[in-house]
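# Chains, contacts and geometry: an overview
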Number of protein chains: 2
Amino acid sequence: MGDRGGSGRPAARPATIKDVAAAAGVGIATVSRVFSGGSVSAATRERVLAAAGDLDYRPSAVGRSLKLQRTGGIGLIVPDVTDPFCADLIAGVLECARTFGEHVLLDAAHGDAGREAAIADRMMEQRVDGIIVVPEGDPAAWHSVVGAGGWVVSVDRVLPGPPDVLTVLIDDRAGVRALVEYLVGLGHRRIAFLGAASPGAPTGVREAAFRDTLAQLGVAVDEDLVVAARPERDSAYAAAAGLLQRRAGASAVLAAGHLIGEAAVLVARELDLRVPADVSIAMVGDVSWAELCDPPLTAVARPGHDAGYRACELLLRDRTRARGGPVLLPTELVIRGSCGPPRRA
Amino acid sequence: MGDRGGSGRPAARPATIKDVAAAAGVGIATVSRVFSGGSVSAATRERVLAAAGDLDYRPSAVGRSLKLQRTGGIGLIVPDVTDPFCADLIAGVLECARTFGEHVLLDAAHGDAGREAAIADRMMEQRVDGIIVVPEGDPAAWHSVVGAGGWVVSVDRVLPGPPDVLTVLIDDRAGVRALVEYLVGLGHRRIAFLGAASPGAPTGVREAAFRDTLAQLGVAVDEDLVVAARPERDSAYAAAAGLLQRRAGASAVLAAGHLIGEAAVLVARELDLRVPADVSIAMVGDVSWAELCDPPLTAVARPGHDAGYRACELLLRDRTRARGGPVLLPTELVIRGSCGPPRRA
DNA sequence: GTGAAAGCGCTAACAT
DNA sequence: ATGTTAGCGCTTTCAC
């Protein structure tokens, strides 16, 4: 029965276990038992519950955490919550955390190493049970978190250094390979690589996979066709425009991330290039608009939700096991209409 | 100097204020002062800091929260983190929370009233300083949270009942009105309304605004052209297909949300309707793909980031003020290429 | 400037 | 089955 005055509220500070005990005429231990599942006689339990109801009592997780030395919270740090991959990741973590009865502290580092470290610090002070992170900052900072007794799982990035950090990876190597093979199979020999990507997308392994696969297939890489951009919209756009404008003779473009893929699509349209007649376009990261643009974009789907789920599982269930290298999650090549045979020269 | 054994770690439990005090040869009060900014002689501070560094000491937020009766955390509950509007909202809350030095507990309710209430409960037990929510569940549950002494701000929904919940709204009414006026100005008289929407998009006020504006403009509403779908992809698709297939003679389609807008675009393409030659399409919610599809979609942009930021500000700064009705945020009509004059019959 | 001690809300060991 | 008590890590009076 909260007293809700007219304006400026009473801010009645919440009832404590003591209040309930007094109201029910029992000891505080009994109240505790009622709420944490000890054995209490039915009659007493009834009285306690009634009193608790009257007082609007909610056990304080703060008190409990202090006693138990464990908060039941996990930290999640992503580069950018509005990135579709990150959003999927978050959803996965949330879903898994729920099954373990844990809650999630979220923050975004936006590629700022200092901020990332500060967030981690704060989460450690909050005594989270572990941290899941898509790290973009200083690897040393993360090893030191582990050194301080923390548990961390790195998603979509491998942290150089001692293998004290659990890791969940997405098999971009295989994804890019499949895509390149598909393109080459279509007849393409001059394939451009637009590097750099969305947050959550280290371009290094993708470029390496691009080069390796081409080499394996006996196709030469034209360095003029390998371009890099920073993971911002305008940089991506500039890079794509630079490549497509000079018409270096690419018959296909592989965009290493959805941001740069978006740029490629936009630039192609602006240049009145028909897709895939004039140029084929494909990208890594199967975001929702891939199906919406015209023609729909062929893309390598990356399982962000699974990655988040597995990372959380790793943290909460498989800690001891975890020795045994990174978890590697498969990608899927989603073929749509944006790639076709190259135009006959 | 954390002892990192070979496998299965020591799990050295973190140093406490006592450990530091002992190591530095001072009282715990002094250590506390060093870390919470009390007055301490430079020499002592030095010693304490050194000891703390050795022990890898981090003040426990749990201990502090218990003492201070305030955790510095705020709860955020959205329908679905992967929805672009929700993602923007989250980003806004995160940004504002940072400036106040607060952290954020996130969870998703997925339209499940029971889950929403359970999440709120848990957050209250965590003793968050307040909760920001895009409520889809039982309004009574939220009023009772307030009754229990909690602070809640509702975003993008108005909760019926006593005005004890702070509110941040987006002016969809004006947004839809602008869009309808634009369409009518183009010459359209038979405008279809595809209702239901993404999470974070109550369709009611949009439909009302649609009808009102049309009435004001002296244009009759054909009930056959007003269709509703549930906020899932297939339901949206079915609704759009139903409408467009029977060719009820709509010259323009107003999709009330991005999910149903997506469906409209897809269906139009499938039916080989040219946009905007055969049919104009516009939607509420300016998601990133609007610019990517062909032609780019005219849309009403909804300021999710701002909404989140303002909600957080309201919670953290303006509590007392807050009397004075909901905060209302403006939308913006973003005109692209998907709408044109109706085809001459 | 610094230390001793109380107490925040809770759980668990121990006593009854 | 239930009550008493200690103590989790911290801040903050109150003495000195």
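Going by what an unreviewed UniProt entry lists, chain A is known as LacI family transcriptional regulator and is assigned to Actinomadura rudentiformis.

Residue and element names in this part refer to chain B. For helix α8 (residues 172–186), with 15 residues, the first-to-last C-alpha span of 21 Å sits near the 21 Å given by 1.5 Å per residue. Of all the positions in α8, only D172, G175, V176, L179, V180, Y182, L183 and V184 are classed as buried. The first or second residue beyond α8 is G187, which carries a positive phi of 115°.

Let us now look at the protein's contact with DNA strand D. Taken together, 31 residues are adjacent to DNA strand D, and T30, R33 and T44 of chain A together with I17 and S60 of chain B come closest. Take the atoms of DNA strand D that sit within 4 Å of the protein: sugar and phosphate atoms are 59% of them. Between S41 of chain A and DNA strand D, the recorded distance is 2.7 Å, taken from a backbone N or O atom to a phosphate oxygen. I17 of chain B places a main-chain nitrogen or oxygen 2.4 Å from a phosphate oxygen of DNA strand D. Of the residues contributing to the surface near DNA strand D, the split by class is twelve nonpolar, twelve polar and seven charged.

Let us look at the protein's contact with DNA strand C. In the region of DNA strand C, 31 residues are neighbours, and I17 and S60 of chain A together with T30, R33 and T44 of chain B sit closest. Sugar plus phosphate: this is where 59% of the atoms of DNA strand C within 4 Å of the protein reside. Between DNA strand C and S60 of chain A, the relevant distance is 2.7 Å, taken from a phosphate oxygen to a main-chain nitrogen or oxygen of the residue. Between DNA strand C and R33 of chain B there is a distance of 2.5 Å, counted from a base oxygen to a side-chain nitrogen or oxygen. The set of elements that each furnish at least two residues to the surface near DNA strand C consists of α1 (17–24), α2 (28–36) and α4 (61–68) of chain A together with α2 (28–36) and α4 (61–68) of chain B. Along the lines of polarity and charge, the residues of the surface near DNA strand C split into twelve nonpolar, twelve polar and seven charged.

On inspection of all chains with the given rule, the structure shows 43 salt bridges over all chains. Among the salt bridges present, the one from D107 of chain A reaches R98 of chain B, with a minimum N-O distance of 3.3 Å. In this pair, D107 of chain A sits in strand β2 (residues 103–108) while R98 of chain B sits in helix α5 (residues 84–99), so the two residues belong to two different chains. On the basis of relative accessibility, which here comes to 16%, the residue D107 of chain A falls in the buried class.

It is worth spelling out the sheet that holds strand β7 (residues 226–227) of chain B at this point. All names here are of chain B. Pairing within the open sheet is mixed, and its six strands lie in the order β7-β6-β8-β9-β10-β12. Unpaired on one side and paired on the other, β7 and β12 (332–334) mark the two borders of the sheet. The pairing of strand β6 (residues 191–194) with β7 spans two bridges and is parallel. Paired with F193 across the two strands is V226, which belongs to β7. In the packing of helix α9 (residues 203–216) onto the sheet, the strands contacted are β6, β7, β8 (252–255) and β9 (280–284), and the crossing angle to β6 comes to about 170°. Packed onto the sheet, helix α10 (residues 233–245) meets β6, β7 and β8 and runs at close to 165° relative to β6.

Parameters and conventions
- Residues numbered from 1 in each chain as written.
- Chains lettered and ligands numbered in written order.
- Predicted model: local features only at pLDDT ≥ 70, side-chain atom pairs only at ≥ 80, totals over all residues.
- Heavy atoms only, no water.
- Helix = DSSP H or I, 4+ residues; strand = E, 2+ residues; numbered from the N terminus.
- Expected span 1.5 Å × (residues − 1).
- Buried < 20%, exposed > 50% of the residue type's maximum accessible area, 1.4 Å probe, protein only.
- Near = heavy atom within 4 Å.
- Polar contact = N/O pair within 3.5 Å; in protein donor to acceptor, adjacent residues only side chain to side chain.
- Nonpolar A, V, L, I, M, F, W, Y, C, P; charged D, E, K, R; others polar.
- Salt bridge = Lys/Arg side-chain N within 4 Å of Asp/Glu carboxyl O.
- Pairing = 2+ DSSP bridges.
- Contact = heavy atoms within 4.5 Å.
- Axes fitted to C-alpha atoms, helices over the stretch in contact; angles between N-to-C directions.

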